[in-house]
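# Descriptive structure summary
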Amino acid sequence: MNSTRRQFLRGIGGATLSLPWLESLAVAGSTSVAAAPMRMAHFYVPIGVVRRGFFPGEAEDIIPKGNLGNVMKSLGKQDPNHSVKPLGQLTPTMQPLEPVKQHINLITGMDRTFQQGTDVHAQCASCYLSSARPYTIEGTAWPLDRTLDHLVADHIGQQTPFRTLEFSCNSHRDNKESIYFDNISWYGTGHVAPSVRDPRKMYRRLFSNQEVNRYRDVTSLVLEDARSMRKELGRADRDKFAEYFESIRAIEIQMDRLEAMKSELARVDFEEPPEAYLPRGDYIRLMGDLMVTALQTGLTNVATFMVGPERWDTPYMFDGLFDKPRSHHQMSHNQTKMIDDLLQVDRFHMEQFAYLVEKMSRIEEANGTSLLDNTLFTYGSGLGDGSTHQYNDLPIIVAGGGSRVKSGLHINMQEGTPLANLWLTQAQLLGLPIPEFADSTGQIRDIIA
């Protein structure tokens, strides 16, 4: 067994796969183990949450009535002042996180600024990870800029086959809404990083040699055309064309890395998903398993995961919760009558997040830390309340981070703190030397160890 294979097998050990990490696989004579890479993942929940079930201290609050014209109204009862305290008894919606409570931080009080003139749901999803200042981005009706995941991937995703991976659990085929409702990852203004919804398609993208060969065929043709065209260009155009040529060459290099891993990835004990219908929970967990495996095996260091789309009125069959399909969006606008059903949906989504946090905490890496220790894994939504469309006091939970972050805390930020402060803090924890991000005003120092 060569050292490359040993390193790979050490990396893929854990609950997901058939081979655990074993000390006997260490390189003979080695006295040190390389540090595990840092990763980042985002778990996005659409349409906000029922506040009284999620936020501490709001269990007895009056249920807000939906009011589309009252987008900016603050209904949160959190203390407007900054405070940090141990995470106490978990609220009903957060209860599934009890087994991993020591690995999480609840962060409340953070806001986003709404740019008037565009749809609330489209803006809260597409701008969740960009947080650009309103009216500053040309070519868009809302503050949509290059998102945090791609900025981070520029720094920690250069050596992985996939710089980023985008997962979505929207199983619907009726594309009734625009891409802004169904994607949180953007290369830049107007340039979506399309999410993959089909588990089989994602499986083949990660593990199939056919995908590698398809990409290689395309890049080979482009490079061949590039070489022939370059002979016909003047000096100035040649310089411009060199930049283009190098960008195409970078794709080929990524394919080389992926192809080099394929023989090892073929040994991963992960069967190709079936085409048959999967219950909602099984579908989400399957997509989550694929994301965790991609992070674990070094296919990517950056991933986004949408548990569902915004304002998609086509109903889902929430297997095990209801006896007929239900629309999450429609329920959110009838919260007073459907409060119990909505609370079930919120807890159901939290159960999926908790499942992934627990899974990552059990996966041991080569240096003895866990995958969760080396991942900043964030649960969040672009709305603080789905009924009133409020953009303030968003529901945010940060899991993982290991020795780099403090944990087991409820951090309540000063009223009006931008969500971009958290994104800036995460980017800096991952090594990006940036002084600000979007509309940030500073770090969240309470989370830094």
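Structure's up top.
Here is a short report on the structure shown in this document. Keep in mind the model is a prediction, meaning the values are calculated, not measured.

Procedures and definitions
- Residues numbered from 1 in each chain as written.
- Predicted model: local features only at pLDDT ≥ 70, side-chain atom pairs only at ≥ 80, totals over all residues.
- Heavy atoms only, no water.
- Buried < 20%, exposed > 50% of the residue type's maximum accessible area, 1.4 Å probe, protein only.
- Helix = DSSP H or I, 4+ residues; strand = E, 2+ residues; numbered from the N terminus.
- Contact = heavy atoms within 4.5 Å.
- Core = buried A, V, L, I, M, F, W, Y, C linked by side-chain atoms within 4.5 Å.
- Pairing = 2+ DSSP bridges.
- Phe/Tyr/Trp six-rings, centres within 6.5 Å; stacked < 30°, edge-to-face > 60°.
- Salt bridge = Lys/Arg side-chain N within 4 Å of Asp/Glu carboxyl O.
- Axes fitted to C-alpha atoms, helices over the stretch in contact; angles between N-to-C directions.
- Polar contact = N/O pair within 3.5 Å; in protein donor to acceptor, adjacent residues only side chain to side chain.

Attention shifts here to helix H11 (residues 420-429). In terms of burial, H11 is largely enclosed, as 9 of its 10 residues are buried. Taken together, the buried positions of H11 are occupied by Ala420, Asn421, Leu422, Trp423, Leu424, Thr425, Gln426, Ala427 and Leu429. Packed against the buried residues of H11 are strand E1 (39-44), strand E3 (104-111), helix H4 (148-156), strand E8 (375-380), strand E9 (396-400) and strand E10 (409-418). Note on H11: the residue one or two positions beyond its end, Gly431, has a positive phi of about 100°.

Right, let's talk about the environment of Leu409 for a bit. Mapped onto the elements, Leu409 comes out in strand E10. Look at Leu409 and you get buried, because its relative accessible area is 15%. In this structure the C-alpha to C-alpha distance between Leu409 and Leu106, which are 303 residues apart in sequence, comes to 6.3 Å. When residues no more than four places from it in sequence are discounted, the contact partners of Leu409 are Val84, Lys85, Pro86, Leu87, Ile104, Asn105, Leu106 and Asp446.

Buried together is how nonpolar side chains tend to be arranged in soluble globular proteins. Counting residues in each nonpolar core, the largest one holds 56 residues, and the members touching the most others are Leu97, Phe353, Phe377 and Ile397. Top contributing element to this core by residue count: helix H10 (residues 335-362), with 10 residues. Not counting residues up to four positions away in its chain, the partners in contact with Phe353 are Phe43, Leu97, Phe377, Thr378, Tyr379, Ile397 and Ala399. Formed by 41 residues, the second largest nonpolar core is a distinct cluster that contains Val302, Ile396, Leu419 and Leu432.

Looking now at the pairing of strand E4 (residues 165-168). Where burial is concerned, the two faces of E4 agree: the one with Leu165 and Phe167 and the one with Glu166 and Ser168 are both buried. Both E4 and strand E7 (residues 302-306) contribute to a ladder of 4 bridges, which runs parallel. Bridge pairing in E7 links Ser168 to Met306.

As a further point, take the packing of aromatic side chains. Considering all chains together, one arrives at 17 aromatic pairs under this definition. Aromatic side chains Phe114 and Tyr391 sit 5.1 Å apart centroid to centroid with 65° between the ring planes, which places their arrangement in the edge-to-face category. Here Phe114, found in the loop between E3 and helix H3 (120-126), pairs with Tyr391, found in the loop between E8 and E9; they are 277 residues apart in sequence, far enough to count as distant. When its relative accessible area of 8% is taken as the criterion, Phe114 is described as buried. On the basis of relative accessible area, Tyr391 is assigned to the buried category, the value being 1%. Each ring, one from Tyr316 and one from Phe318, has its centre 5.9 Å from the other, and the planes form 80°; the classification is edge-to-face.

The tally for this structure, following the rule as stated, stands at 11 salt bridges. Where Arg311 meets Asp119, a salt bridge forms, and the shortest distance between an N and an O atom there is 2.4 Å. With Arg311 in the loop between E7 and helix H9 (328-332) and Asp119 in the loop between E3 and H3, this pair connects stretches of sequence that are 192 residues apart. Accessibility expressed as a relative area gives 26% for Asp119, which makes it partly exposed. The network of salt bridges with shared partners includes Arg51, Glu58 and Asp393.

Bringing the environment of Thr425 into the picture now. Note that Thr425 resides in helix H11. Spatially, the C-alpha atom of Thr425 lies 8.1 Å from that of Gly442, the residues being 17 residues apart in sequence. Setting aside chain neighbours within four positions, we find Thr425 in contact with Gln443, Ile444, Ile447 and Ile448.

As summarised here, the arrangement of the 8 strands in space is E2-E10-E3-E9-E8-E1-E7-E4, forming an open sheet in which the pairing is mixed. What marks the edges here is a single partner per strand, and that holds for strand E2 (83-86) and E4. In this sheet, neighbouring strand axes are inclined to one another by 15° on average, regardless of whether the strands run parallel or antiparallel. As defined by bridge partners, E2 adjoins E10 across 4 bridges and the pair is classed as antiparallel. Bridge assignment links Pro86 to a residue of E10, and that residue is Leu409.

For Asn183, the position within the fold is in the loop between E4 and strand E5 (186-188). Relative accessible area serves as the criterion here: at 7%, Asn183 is assigned to the buried category. Polar side-chain contacts of Asn183 include one of 3.0 Å to the backbone oxygen of Ile179. Among the polar contacts made by the side chain of Asn183, one reaches the main-chain amide nitrogen of Ser195 at a distance of 3.1 Å. Among residues more than four places away in sequence, those in contact with Asn183 are Ala125, Ser126, Val192, Ala193, Pro194, Ser195 and Met306.

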